[in-house]
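An overview of the molecular structure
Okay, here's what each chain looks like letter by letter:
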Amino acid sequence: MSPSFLDHPLFSDESSSLDLSLSAMAYYPYPFLPFMKNAASPIWFSAMSDESCNHKRLKRTKSVADFGSDASYYSGGSNISSNGSGMNRNNSTNSLNSFPRLQFRDHIWTYTQRYLAAEAVEEAAAAILGSEDGEGKEDGSGDGMRLVQLLVSCAEAVACRDKSHASVLLSELRSNALVFGSSFQRVASCFVQGLTDRLALVQPLGTVGLVAPTMNIMDIATEKKEEALRLVYEICPHIQFGHFVANASILEAFEGENFVHVVDLGMTLGLPHGHQWRGLIHSLANRAGQPPRRVRITAVGLCVERFQIIGNELVAYARSLGINLEFLLVESSLENLRPENIKTRDGEVLVVNSILQLHCVVKESRGALNSVLQIIHELSPKALVLVEQDSSHNGPFFLGRFMEALHYYSAIFDSLDAMLPKYDTRRAKMEQFYFAEEIKNIVSCEGPARVERHERVDQWRRRMSRAGFQSSPIKMMAQAKQWLGKLDICEGYTIVEEKGCLVLGWKSKPIVAASCWKC
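Scope of this entry: the structure provided in the associated data block. (Residues numbered from 1 in each chain as written. Predicted model: local features only at pLDDT ≥ 70, side-chain atom pairs only at ≥ 80, totals over all residues. Heavy atoms only, no water.)

**Points about the overall build of the chain**
When helices and strands are tallied, the chain shows 17 helices and 9 strands. Counting every position in the chain, which comprises 519 residues, the buried fraction comes to 53%. The long-range share in the chain, meaning contacts at least 24 apart out of those at least 6 apart in sequence, stands at 74%. (Helix = DSSP H or I, 4+ residues; strand = E, 2+ residues; numbered from the N terminus. Buried < 20%, exposed > 50% of the residue type's maximum accessible area, 1.4 Å probe, protein only. Contact = heavy atoms within 4.5 Å.)

So this is what it looks like as structure tokens:
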């Protein structure tokens with residue numbers, strides 16, 4: 001087992017400027033976790049509760065009111081004396097003794113946030129050590145651990161709007177995070193770009209929020225993004241896995257039906273040639289019995305010209321297989337979609353397909369996603385196939401998202417290391433024009449500009465249940481593993497079943513989850 005980075009010398013008091021003293025934990029109104037007793041730095045978790053480092057007072061409840069006027073509780077993890085003059089260690093001790101009187105949800109929330117933060121960084125560091133063991137020690141484990149420390153320290157400085165300190169750390173990071181270095185150096189370079197962009201948007205202390213971004217996330221040349229998307233589809237199994245599971249679920253819903261209709265949200269980011277639907281059309285043409293008499297595909301999105309080209313190719317391909325295909329377009333974003341935009345016919349079986357799309361309409365208010373799910377529910381589809389990145393990149397606090405993203409994309413870059421040679425330009429294109437764009441959006445953007453709001457499958461399960469959908473378990477584990485075995489890729493990818501969903505992972509780290517739902 002790889003050694004824990006929390007026990008590494010770089011994180012001792014002698015070599016780190018971070019506050020590593022256990023006494024610092026006395027300033028937190030919640031007791032620290034058991035695994036923090038020996039080495040973890042509490043400073044990382046202070047930012048989890050308040051990314052701007054401005055401590056906000058919790059709303060008082062009846063259970064808190066009887067603490068007395070000398071005790072105040074703050075969501076930022078610090079206990080301030082009643083006159084506001086500074087820290088009061090006695091009050092902190094009292095708050096620890098009175099901890100059970102706090103609201104239970106506050107207690108659980110704080111424990112969860114700190115646990116996830118420590119878990120994300122520790123596992124990312126363990127992955128770094130493991131990958132470096134296979135790279136001929138070209139980048140020693142000490143350098144890798146130092147890079148982790150710099151990234152986390154810089155993220156904290158950016159969260160606290162400490163521009164001077166963050167700029168110094170960014171300067172050192174740029175000299176160590178190499179685009180053609182080890183897998184973690186490369187992923188670190190993407191996070192450095194995101195931190196640089198975020199730092200440029202933050203306002204001085206005393207103000208609130210971020211300034212308006214000056215660059216749109218779509219400013220990268222369209223040709224480069226399209227090529228990167230194509231390479232991701234061809235080389236990585238992420239999207240292919242989603243298409244395979246979705247088509248199997250759709251075929252099951254269409255079994256024995258003559259009139260079938262698929263509503264495709266986003267057409268898999270406009271991936272050329274409509275690979276998913278070519279596979280479905282081929283399977284429908286060769287299914288047992290007779291093929292359906294009519295197949296309709298409705299593409300929903302804003303890239304209508306690209307969709308129309310794909311549609312024309314699909315109609316021609318279906319005709320060559322004796323399938324009557326009707327291709328329709330709905331020029332609308334998901335947020336502006338209306339039920340009347342989808343033209344359904346009596347007697348046809350409807351299925352809705354969403355590949356890496358719905359996370360883009362997950363907002364702070366949840367209104368946009370609820371609206372989309374309500375519209376889908378009104379269409380009464382026989383099945384809704386949902387494929388999404390399985391990671392928590394939509395937490396309310398910047399540092400928590402940063403930790404999760406660092407862990408998630410470290411696994412992806414490690415898998416690219418195993419599949420392609422070090423100086424392969426295809427890998428550089430995927431990393432810089434596809435995955436880096438996701439990372440920069442997660443790290444540097446807020447509000448409506450932050451669209452890469454990936455969530456774990458458990459969170460999607462709760463959202464779908466609240467919207468009135470019921471889980472339709474995917475029972476094709478054996479077929480999925482057989483499919484994965486046939487792919488010409490390296491070992492390390494896994495497929496597991498989780499409460500009726502199938503999850504594709506890299507060395508036990510979940511990457512993409514597929515689920516199926518019914519009304």
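After that view of the structure, there is still more to cover.
**Structural notes on the packing of helix H7 (residues 183–201) against helix H14 (residues 398–419)**
Contact geometry of H7 with H14 gives a least axis separation of 8 Å together with a crossing angle of 145°. In the crossing of H7 with H14, the sense of the turn from one axis to the other is right-handed. Residues Ser183, Phe184, Arg186, Val187, Cys190, Phe191, Leu195 and Arg198 of H7 form the contact with H14, whose own contacting residues are Phe398, Arg401, Phe402, Ala405, Leu406, Tyr409, Ser410, Phe413, Asp414 and Asp417. When grouped by side-chain class, the residues that make up the contact of H7 with H14 number 11 nonpolar, 2 polar and 5 charged. (Axes fitted to C-alpha atoms, helices over the stretch in contact; angles between N-to-C directions. Left-handed = near helix turned anticlockwise from the far one by under 90°. Nonpolar A, V, L, I, M, F, W, Y, C, P; charged D, E, K, R; others polar.)

**Focus: the pattern of salt bridges**
Per the counting criterion, the structure on display carries 22 salt bridges. A salt bridge links Glu172 to Arg146; the nearest nitrogen and oxygen atoms lie 3.7 Å apart. With Glu172 in helix H6 (residues 163–176) and Arg146 in helix H5 (residues 141–159), this residue pair connects regions lying 26 residues apart in the sequence. Taking the relative accessible area as the measure of exposure, Glu172 reaches 31% and is therefore partly exposed. The closest approach of N and O atoms between Arg296 and Glu348, which form a salt bridge, is 3.1 Å. On the criterion of sequence distance, the pair formed by Arg296 in strand S2 (residues 294–301) and Glu348 in the loop between strand S3 (325–331) and strand S4 (349–355) is long-range, its members being 52 residues apart. Glu348 matches Arg296 in its accessibility class, with the two residues each being buried. Taken together, the shared-partner salt bridges in this structure form one network comprising Arg294, Arg296, Glu326, Arg345 and Glu348. (Salt bridge = Lys/Arg side-chain N within 4 Å of Asp/Glu carboxyl O.)

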